[in-house]
Amino acid sequence: CIAAAESNRGSIECVLDAACALELIHCFSLVHDDLPCIDNDDLRRGRPATHIQFGEAIALLAGDALFALAFETLLGMDAPSERTRRAAGALAAASGTQGMVGGQTVDIESENAQTDLDTVKWIHARKTGALITASCTIGAVLVGASEDQIATCARFGDQIGLAFQIADDVLDETGDVESLGKHTRADKARYKATFPALIGVEASRTLALEAQQAALAELGSFDGDTKGFAVLAAFASERTV
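This paragraph deals with the packing of helix H9 (residues 147-174) against helix H14 (residues 227-238). The interhelical angle for the contact between H9 and H14, taken along N-to-C directions, is 30°, at an axis separation of 7 Å. Accordingly, the angle class assigned to the pair H9 and H14 is roughly parallel. Along its contact with H9, which presents Cys153, Phe156, Ile160, Ala163, Phe164 and Ala167, the element H14 presents Phe229, Leu232, Ala233, Phe235, Ala236 and Ser237. Split into classes, the residues belonging to the contact of H9 with H14 amount to 11 nonpolar, one polar and no charged.

This next bit is on helix H13 (residues 201-216). Taking 1.5 Å of rise per residue, 16 residues should cover 22 Å, and H13 covers 23 Å from first to last C-alpha, within 8% of that figure. Those residues of H13 not exposed but buried are Ser204, Leu207, Ala208, Ala211, Gln212 and Ala215. Buried residues of H13, seen end-on, are gathered within an arc of 145° and therefore sit on one face of the element. Residues of H13 that are buried in the fold lie against helix H7 (117-127), H9, helix H12 (195-199) and H14.

The subject of this paragraph is a nonpolar patch on the surface. Together, Phe54, Ile58 and Leu61 make up an exposed nonpolar region whose accessible area comes to about 320 Å². Inspection of the secondary structure puts phenylalanine 54 in helix H3 (residues 50-54).

Moving on, we come to the confidence of the model for the protein. Taken as a whole, the protein shows an average pLDDT of 91; of its residues, 92% reach a score of 70 or greater. By mean pLDDT, helix H11 (residues 186-189) is the weakest element of the protein at 56, and helix H1 (residues 2-7) is the strongest at 98.

Moving on: the pattern of salt bridges. One pass over the full model with this rule turns up seven salt bridges. Note that arginine 86 is salt-bridged to glutamate 147, the shortest N-O span being 2.8 Å. Of the two residues, arginine 86 sits in helix H5 (residues 81-95) while glutamate 147 sits in helix H9, which places them 61 residues apart along the sequence. Arginine 86 sits in the partly exposed class, given a relative accessible area of 39%. As a salt-bridge pair, lysine 227 and aspartate 225 come within 3.1 Å of each other at their nearest N and O atoms. Assessed through its relative accessible area of 57%, lysine 227 is described here as exposed. Judged by its relative accessible area of 34%, aspartate 225 is partly exposed.

For the rest of this paragraph, the subject is the nonpolar core. Counting 28 residues, the largest nonpolar core has Ala18, Ile25, Leu74, Leu91, Ile138 and Leu142 as its most contacted members. Of all elements in the fold, only helix H2 (16-33), helix H4 (56-75), H5 and helix H8 (129-142) reach the threshold of two or more residues within this core. Broken down by element, the residue count for this core peaks at seven residues, all from H2. Sequence-distant contacts of leucine 74, defined by excluding residues within four places in its chain, comprise Ala18, Ala21, Thr84, Ala87, Ala88 and Leu91. Counting residues in hydrophobic clusters, the runner-up holds 18 residues, among them Ala3, Ala4, Ala140 and Ala236.

Right, let's talk about the state of the cysteines for a bit. Any covalent bond linking the sulfur atoms of two cysteines counts as a disulfide. Scanning the model with the defined rule gives zero disulfides in all. Free of any disulfide, cysteine 1 has its nearest cysteine sulfur in cysteine 136, 8.5 Å distant. For cysteine 1, a relative accessible area of 16% corresponds to the buried category. As a non-bridged cysteine, cysteine 37 has cysteine 27 as the owner of its nearest cysteine sulfur, 18 Å distant.

Cut-off values and rules
Residues numbered from 1 in each chain as written. Predicted model: local features only at pLDDT ≥ 70, side-chain atom pairs only at ≥ 80, totals over all residues. Heavy atoms only, no water. Axes fitted to C-alpha atoms, helices over the stretch in contact; angles between N-to-C directions. Helix = DSSP H or I, 4+ residues; strand = E, 2+ residues; numbered from the N terminus. Parallel < 35°, antiparallel > 145°, perpendicular 65-115°, else oblique. Contact = heavy atoms within 4.5 Å. Nonpolar A, V, L, I, M, F, W, Y, C, P; charged D, E, K, R; others polar. Expected span 1.5 Å × (residues − 1). Buried < 20%, exposed > 50% of the residue type's maximum accessible area, 1.4 Å probe, protein only. Arc of directions from axis to C-beta. Patch = residues over 30% accessible without salt bridge, like charges linked within 9 Å, V, L, I, M, F, W, Y side chains within 5 Å. Areas by Shrake-Rupley, 256 points an atom, 1.4 Å probe, with all protein chains shown as cover. Salt bridge = Lys/Arg side-chain N within 4 Å of Asp/Glu carboxyl O. pLDDT = per-residue confidence, 0-100. Core = buried A, V, L, I, M, F, W, Y, C linked by side-chain atoms within 4.5 Å. Disulfide = S-S within 2.5 Å.

Below you can see the structure in the form of structure tokens.
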């Protein structure tokens, strides 16, 4: 969100509350994702998951509270009301059935099922990519970027979202608990729909790099500081944690 603002000649101060709102949504999704009824993971960021520390009911409520606080924070920003309304709409869409919830639903339904690459891309474009894309577009909207620049930010977000999720799938296959702070090989154990399961680790890495290059190709359209976007593109496909 901050990188999108800077790429469109905006300041961090203009979008800091929105960036916090996005991180609140991200944290809500992780708390709920770890619950026994979803992925049943007991480790997150090297520490016991929220439901392990505080119980399943409190974890569920904590996620709900984070979700509500995100919109309270975003809509309480000192910014033109038409921009905050548009940003809130983008965040809601990225969080709901057209975004994370929809992607998570199809992800669950695809466990132990025959899937194809288009289905995996569909899942991850929503389960992961939607929030990243929303972060990019919200940053542009709040600093008053043009419609063309907002659309470019969305395309950039789509590509780094894809690269990030492919890298995540690969790390689940090749990483370790100490580096990642969460259990690995969990996707394979649950027969989840992932890129490595369909095309293998090396082909997945190649696909992530192609998405990274597609994202970087969008940076020439901006007249602001794109260093943040460049760092994000590199991290999304090349990360080891």
